[in-house]
Amino acid sequence: METHVVIVELQGGLGNQMFLYAVARALSVHHGVPLKLDVTSYRDDKLRKYKLHQFRVIEEFATPEETAKIRPSRGQFLKWTVGQIRNRMFPYRFRNVVWERSKRFDGRVFQTGSDVFVAGWWQSEKYFSAIQDLIRSEFSFKYPPLGANAEMLDRIKKTTSVSLHVRRGDYVEDNAISARFGTPSLAYYARAVARICGAIANPHLYVFSDDPAWAKQNLSFDVPTCFVSH
C-alpha cells in the first residue's frame with residue numbers, strides 16, 4: 001500500500017522554519033499522514049542554516065525520490081509542466097504542491113489531498129491553532145540551558161522581563177531587502193519602551209539582536225537594560 005506524506009520545504013531563519021514546520025504539522029495531523037522535512041534549500045544558503053534540531057520536532061527528512069514524486073523537477077519536463085498547471089489552476093483538492101498565495105490566512109490549504117508539498121512562508125498562527133498544545137510541546141527544547149544561557153534565564157525569571165528585539169543583518173546590509181522592509185528608527189524603539197513603561201511597573205529590558213554592539217551603542221533607556229550578547 002502506497003504511503004502518503006506531507007513534505008515541507010524549510011527555508012529562511014529560525015522563525016520562518018518554525019512557522020513552516022507548524023503549518024505542515026497541522027496538515028499531517030489533519031490528513032493522518034507522516035510529516036517529512038525538505039532542507040535542500042540550505043545547501044546554497046550562506047546566511048541561514050537548518051535550526052529545528054534543538055527542538056522535540058519530528059525530524060524525518062524527505063529523500064530526493066520522495067520529493068520528486070510529489071513535486072517533479074524541471075528536468076522531468078512533462079510531469080513538471082502538468083504539475084505547474086494543476087497546482088496553479090485546479091481546486092486545492094487536486095493539487096500536490098501548495099504555495100502561500102497571500103499573507104492572509106487561507107484555510108483552503110486543508111482541502112488538499114494527503115500527498116502534498118508545502119512551500120511559502122505561512123505566517124499565521126491560525127494554521128496550527130487547532131493543535132497549539134502539540135506545537136508547543138514539539139517546540140520545547142531537547143536539552144536544558146547550560147552556562148551563560150542558564151544564568152541569563154535565571155535573571156529573566158527574577159525580573160519583570162521585557163524582550164526587545166533589534167534585527168539588522170541583511171535588513172541593513174542587503175540593499176534590496178532594506179528597500180523592501182526597512183528598519184525601525186531610534187524614535188520607534190523609544191516610543192515602544194515608553195508604551196511598555198506605561199503598561200507595566202518596573203520593567204527590565206533584555207535586548208536581543210544580531211548586531212548587539214550596534215544596539216548597545218545606539219539604544220539607551222531610563223529603565224534597567226541588559227544587552228544579551230553571549
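Our subject in this report is the structure included herewith. (Residues numbered from 1 in each chain as written. Predicted model: local features only at pLDDT ≥ 70, side-chain atom pairs only at ≥ 80, totals over all residues. Heavy atoms only, no water.)

## Considerations on the overall build of the protein chain
Right, so step 1: Each helix and strand counted, the protein chain has 9 helices and 7 strands in total.
Right, so step 2: For the C-alpha atoms alone, the extent of the protein chain along its principal axes is close to 65 × 40 × 30 Å.
Right, so step 3: The 230 residues of the protein chain split such that 36% are buried.
Right, so step 4: When the accessible surface of the protein chain is split by element, carbon and sulfur atoms take 54% of a total near 14400 Å².
Right, so step 5: Seen as two clouds, the 32 positive and the 23 negative side-chain charges of the protein chain have centres 4 Å apart. (Helix = DSSP H or I, 4+ residues; strand = E, 2+ residues; numbered from the N terminus. Buried < 20%, exposed > 50% of the residue type's maximum accessible area, 1.4 Å probe, protein only. Areas by Shrake-Rupley, 256 points an atom, 1.4 Å probe, with all protein chains shown as cover. Lys, Arg positive; Asp, Glu negative; His and termini not counted. Charge placed at Lys NZ, Arg CZ, Asp CG, Glu CD.)

## Remarks on the nonpolar core
Right, so step 1: Counting residues in hydrophobic clusters, the biggest one holds 29 residues, and the most contacted among them are Val6, Val8, Leu10, Leu52, Val118 and Trp122.
Right, so step 2: For this core, the elements supplying multiple residues, two or more each, are β1 (6-9), α1 (14-31), β2 (35-38) and β4 (116-119).
Right, so step 3: For this core, the leading source of residues is α1, giving 7 residues.
Right, so step 4: With sequence-adjacent residues up to four places away left out, Leu10 is seen in contact with Gln17, Leu20, Tyr21, Leu37, Asp38, Val39, Ser41, Tyr42, Tyr50 and Leu52. (Core = buried A, V, L, I, M, F, W, Y, C linked by side-chain atoms within 4.5 Å. Contact = heavy atoms within 4.5 Å.)

## A word on the packing of aromatic side chains
Remark: the centre distance and the inter-plane angle together describe each pair of aromatic rings, the angle taken between the planes.
Right, so step 1: Inspection of every chain in the model, using the stated rule, returns 9 aromatic pairs.
Right, so step 2: Ring geometry for Tyr171 and Phe181: centres 5.2 Å apart, planes at 5°, overall stacked. Residue Tyr171 is found in helix α6 (residues 170-173), and its partner Phe181 is found in helix α7 (residues 175-181); the two are separated by 10 residues along the sequence.
Right, so step 3: When its relative accessible area of 18% is taken as the criterion, Tyr171 is described as buried.
Right, so step 4: In this structure Phe181 comes out as partly exposed when scored by relative accessible area, which is 46%.
Right, so step 5: An aromatic cluster is present here, built from Tyr21, Phe55, Phe139 and Phe141 joined pairwise through their rings.
Right, so step 6: The ring of Tyr92 has Arg95 lying over it, and the distance from NZ or CZ to the ring centre is 4.2 Å.
Right, so step 7: Seen from the ring of Trp214, Arg168 lies directly overhead, with NZ or CZ sitting 4.1 Å from the centre. (Phe/Tyr/Trp six-rings, centres within 6.5 Å; stacked < 30°, edge-to-face > 60°. Lys NZ or Arg CZ within 6 Å of the ring centre and 35° of its normal.)

## Concerning the pattern of salt bridges
Right, so step 1: Counted by the stated rule, this structure contains 12 salt bridges.
Right, so step 2: A salt bridge links Asp154 to Lys158; the shortest N-O distance between them is 3.1 Å.
Right, so step 3: Residue classification places Asp154 among the partly exposed residues on the basis of a relative accessible area of 38%.
Right, so step 4: Here Arg168 ties to Asp211 by a salt bridge, and the two come within 3.3 Å at their closest N and O atoms. (Salt bridge = Lys/Arg side-chain N within 4 Å of Asp/Glu carboxyl O.)

## A few points about the pairing of β4
Right, so step 1: Residues of β4 alternate between two faces, with Val116 and Val118 on one and Phe117 and Ala119 on the opposite face, all of them buried.
Right, so step 2: Relative to β4, β1 runs parallel, the two being bridged by 3 bridges. Bridging across to β4, Val8 finds its partner in Val118.
Right, so step 3: Bridge analysis of strand β3 (residues 97-99) against β4 gives 3 bridges, and the strand direction is parallel. Counterpart to Val98 in the pairing with β4 is Val118. (Pairing = 2+ DSSP bridges.)

## With respect to the environment of Thr3
Right, so step 1: With respect to the helices, strands and loops of the structure, Thr3 is situated in the segment before β1.
Right, so step 2: Overall, the relative accessible area of 54% leaves Thr3 in the exposed class.
Right, so step 3: A sequence separation of 31 residues divides Thr3 from Pro34, and the C-alpha atoms of the two residues are 8.6 Å apart.
Right, so step 4: When near neighbours in sequence (up to four residues on either side) are disregarded, Thr3 contacts Pro34 and Asp115.

## Quick word on α1
Right, so step 1: The end-to-end C-alpha distance of α1, which contains 18 residues, comes to 26 Å, matching closely the 26 Å that a straight helix rising 1.5 Å per residue would cover.
Right, so step 2: Residues of α1 that are buried: Gln17, Leu20, Tyr21, Ala22, Val23, Ala24, Arg25, Ala26, Leu27 and Ser28.
Right, so step 3: Buried residues belonging to α1 abut β1, β2, β4 and α4 (132-138). (Expected span 1.5 Å × (residues − 1).)

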